[in-house]
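# Fold and contact review
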Amino acid sequence: DQQVKQNSPSLSVQEGRISILNCDYTNSMFDYFLWYKKYPAEGPTFLISISSIKDKNEDGRFTVFLNKSAKHLSLHIVPSQPGDSAVYFCAATLKSGKLIFGQGTELSVKP
Amino acid sequence: DTGVSQDPRHKITKRGQNVTFRCDPISEHNRLYWYRQTLGQGPEFLTYFQNEAQLEKSRLLSDRFSAERPKGSFSTLEIQRTEQGDSAMYLCASSSPGTGTYEQFFGPGTRLTVL
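Given the structure is predicted, the values throughout are model-derived calculations rather than measurements. (Residues numbered from 1 in each chain as written. Chains lettered and ligands numbered in written order. Predicted model: local features only at pLDDT ≥ 70, side-chain atom pairs only at ≥ 80, totals over all residues. Heavy atoms only, no water.)

### Observations regarding the overall build of chain B
The secondary structure content of chain B amounts to 0 helices and 11 strands. When its helices and strands are written in sequence order, chain B yields β-β-β-β-β-β-β-β-β-β-β. Taking 2.2 N^0.38 as the reference for a compact globule, 115 residues should give roughly 13 Å; the C-alpha atoms of chain B span a radius of gyration of 14 Å, in line with that estimate. Over its C-alpha atoms, taken along the principal directions, chain B stretches across nearly 40 × 25 × 20 Å. Among the 115 residues that make up chain B, the fraction classed as buried is 47%. The long-range share in chain B, meaning contacts at least 24 apart out of those at least 6 apart in sequence, stands at 54%. Between the averaged position of the 14 positive side-chain charges in chain B and that of its 13 negative side-chain charges there is a distance of 7 Å. (Helix = DSSP H or I, 4+ residues; strand = E, 2+ residues; numbered from the N terminus. Rg over C-alpha atoms; globule rule 2.2 N^0.38 Å. Buried < 20%, exposed > 50% of the residue type's maximum accessible area, 1.4 Å probe, protein only. Contact = heavy atoms within 4.5 Å. Lys, Arg positive; Asp, Glu negative; His and termini not counted. Charge placed at Lys NZ, Arg CZ, Asp CG, Glu CD.)

See below:
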């Protein structure tokens, strides 16, 4: 039972444009959502998070939007840079501790 | 603060052998987590500790797997009688939820290959 889903395995974007990565979840009890970035041969690096009581959180070029009624969240990267090329994972938690991850989306930002 | 560290970074073993991995969390973090990641998938939760207490174990953690955190600091994950299906990246993470945030900080992982 995949409770967190990222339906796009890959995304290609031109440098300077917006990257939008999407994530859907099924468990309405999730109360905290996170985005991680992962380079090959490294562990995931925390990017940005959002509490379920909010609908938007912004940190520099990264903004996460949460639509609870649709059980959907998205990560916007503006402007995209070649160094953003990596695999992005969304994750959800019940604050009990464990993170439940999506399958990941590989972002490629082309110069 | 040097972040979460894991040792070894790579391990190649033969089927049937036992392996042990170590994780050193960020020093002030009281929670420590183990995850497993296979190719094309996101990390999957295995188990976690709050201080020295093991609070939750996934069904993925068969009886061949055991984890410890004896003094509430570093942790070890042991796999007995390894199988080829155990080949994966094993990730450790730590957090301090008492601060009101739930971010977990990951180490670089241990890549296990079972021949």
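### Description of the interface of chain B and chain A
Between chain B and chain A, the contact holds 20 residues from the first and 20 residues from the second. Buried area between chain B and chain A, summed over both chains or domains, comes out near 1,600 Å², and the portion from carbon and sulfur atoms is 58%. Broken down residue by residue, the surface that chain B buries against chain A is led by Y102, E103 and F106 of chain B, which jointly contribute 33%. On inspection of chain B and its partner chain A, the count reaches 1 salt bridge. Measuring nitrogen to oxygen at the nearest pair gives 2.9 Å for the salt bridge that ties E56 of chain B to K98 of chain A. Linking chain B with chain A are 6 residue pairs in polar contact (both at pLDDT 80 or more). Here the side of chain B that touches chain A is composed, by residue class, of 9 nonpolar, 7 polar and 4 charged. (Buried area = accessible area lost by both parts, 1.4 Å probe. Salt bridge = Lys/Arg side-chain N within 4 Å of Asp/Glu carboxyl O. Polar contact = N/O pair within 3.5 Å; in protein donor to acceptor, adjacent residues only side chain to side chain. Nonpolar A, V, L, I, M, F, W, Y, C, P; charged D, E, K, R; others polar.)

### A few points about empty space enclosed by the protein
A water-sized probe, rolled over the atoms, reveals where empty space remains. Across all of its chains, the model carries 1 cavity of 30 Å³ or more by this definition. Roughly 50 Å³ of internal volume is contained in the largest cavity. As for the largest cavity, its lining consists of T93, G97 and L99 of chain A together with R31, Y33, S95, P97, Y102 and Q104 of chain B. Partitioned by chemical class, the residues of the lining of the largest cavity number 4 nonpolar, 4 polar and 1 charged. (1 Å grid on protein atoms, 1.4 Å probe; cavity = no way out; pocket = protein on both sides within 12 Å on 5 of 7 lines; lining within 4 Å. Points joined across faces, edges and corners; volume = space filled by probe spheres on them.)

### Some remarks on the pattern of salt bridges
All names here are of chain B. Across all of its chains, the model carries 5 salt bridges over all chains by this definition. Ionic pairing is found between D24 and R22, a salt bridge with its closest N-O pair at 2.7 Å. In the salt-bridge network here, residues are joined through shared partners; they are R64, E83 and D86.

### A look at the environment of T38 of chain B
All names here are of chain B. Inspection of the secondary structure puts T38 in the loop between strand 4 (31–37) and strand 5 (44–50). Under the relative-accessibility criterion, T38 is labelled partly exposed at 30%. With near-sequence residues (within four places) excluded, T38 lies in contact with S87 and A88.

### A look at the pairing of strand 8 (residues 72–77) of chain A
Residues and elements named next belong to chain A. Burial of strand 8 is extensive: 5 of the 6 residues sit out of reach of the surface. Direction of pairing for strand 3 (residues 19–25) relative to strand 8: antiparallel, over a ladder of 6 bridges. Paired with I20 across the strands is H76, a residue of strand 8. For strand 7 (residues 62–67) and strand 8, the ladder comprises 6 bridges, and the chain directions are antiparallel. Counted as the bridge partner of N67 is H72 from strand 8. If you look at the hairpin formed by strand 7 and strand 8, you'll find 4 residues sitting between the two strands, and K71 has a positive phi there, around 50°. (Pairing = 2+ DSSP bridges.)

So yeah, pure geometry; function would need other evidence.
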